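# Close look at the chain arrangement
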Amino acid sequence: MMIDEIDLAILKFLQEDASMSFTDIARRLKISESTVRKRVEKLKQGGVIKRFTVIIDPSKIGLNTVAIVGIDVDPSKLLETSQKICEIPETRYVATSTGDHMIMTEIWARDGRELTKIISEKIGAIDGIKKICPAIILEKLKE
């Protein structure tokens, strides 16, 4: 799928504000609303746009502790363990990775006590986990 400058501009507007109307995008790019609509549909069908979502400030909903957690597992259990971590409601992001840890996840919790409970009782109980390395986020500078 070929992406041109107009597609990139549309993507930029949607990344900044996914609720922006196609009419507003069209007006800013000086193209028709139908062109924007067709291009967004093409980007969706091509897998460039996976979904539209909302970015939440966890502290505004009572989740004051956010941690990035590196997890090491038995290599033969990597996919199975990753899937089980995905099923934990407090995990907001889960990825397999290279480098220091085999799995990286972002966890949102009410406080440090709840985070400890999630790590020890939910993640630590999964078969194949070798090491869990949490790092509490102090401040997000860019999303």
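Up top you'll find the structure we're talking about.
This write-up is about the structure you can find in this document. (Residues numbered from 1 in each chain as written. Predicted model: local features only at pLDDT ≥ 70, side-chain atom pairs only at ≥ 80, totals over all residues. Heavy atoms only, no water.)

## Quick look at the nonpolar core
- Counting 15 residues, the largest nonpolar core has V69, I71, I85, I107, L115, I123 and I129 as its most contacted members.
- Those elements that place two or more of their residues in this core are β1 (65-73), β3 (103-109) and α5 (112-123).
- For I123, the residues in contact, after removing those within four places along its chain, are I71, I88, I107, I118, I129 and I132. (Core = buried A, V, L, I, M, F, W, Y, C linked by side-chain atoms within 4.5 Å. Buried < 20%, exposed > 50% of the residue type's maximum accessible area, 1.4 Å probe, protein only. Helix = DSSP H or I, 4+ residues; strand = E, 2+ residues; numbered from the N terminus. Contact = heavy atoms within 4.5 Å.)

## Side note on unusual backbone geometry
- The backbone phi angle of K30 is positive, close to 60°, even though this residue is not glycine.
- Relative to the elements of secondary structure, K30 occurs in the loop between α2 (22-29) and α3 (33-45).

## Focus on the pattern of salt bridges
- A full pass over the atoms with the stated rule returns 11 salt bridges.
- Between D7 and R39 there is a salt bridge, and its shortest N-O distance comes to 2.9 Å. Placement of the pair is D7 in helix α1 (residues 5-16) and R39 in helix α3, with a sequence separation of 32 residues. In this pair, the class of D7 matches that of R39, namely buried.
- The salt bridge involving R37 is made with E33; its shortest N-O contact spans 3.0 Å. (Salt bridge = Lys/Arg side-chain N within 4 Å of Asp/Glu carboxyl O.)

## Quick look at the layout of surface pockets
- Taken as a whole, the largest pocket spans an internal volume of roughly 1100 Å³.
- R51, F52, T53, V54 and I55 are the residues nearest the centre of the largest pocket, which is lined by 24 residues in total.
- Elements represented by at least two residues in the lining of the largest pocket include exactly α1, β2 (91-96) and β3.
- In the lining of the largest pocket, the residues fall into 13 nonpolar, three polar and eight charged.
- In this structure, the second largest pocket spans a volume of roughly 220 Å³.
- Lining the second largest pocket we find 15 residues, and of these D57, P58, V66, I137 and K140 sit closest to its centre.
- When contributions to the lining of the second largest pocket are tallied by element, the ones reaching two or more residues are β1 and β3.
- When the residues that make up the lining of the second largest pocket are grouped by side-chain class, the tally is seven nonpolar, three polar and five charged. (1 Å grid on protein atoms, 1.4 Å probe; cavity = no way out; pocket = protein on both sides within 12 Å on 5 of 7 lines; lining within 4 Å. Points joined across faces, edges and corners; volume = space filled by probe spheres on them. Nonpolar A, V, L, I, M, F, W, Y, C, P; charged D, E, K, R; others polar.)

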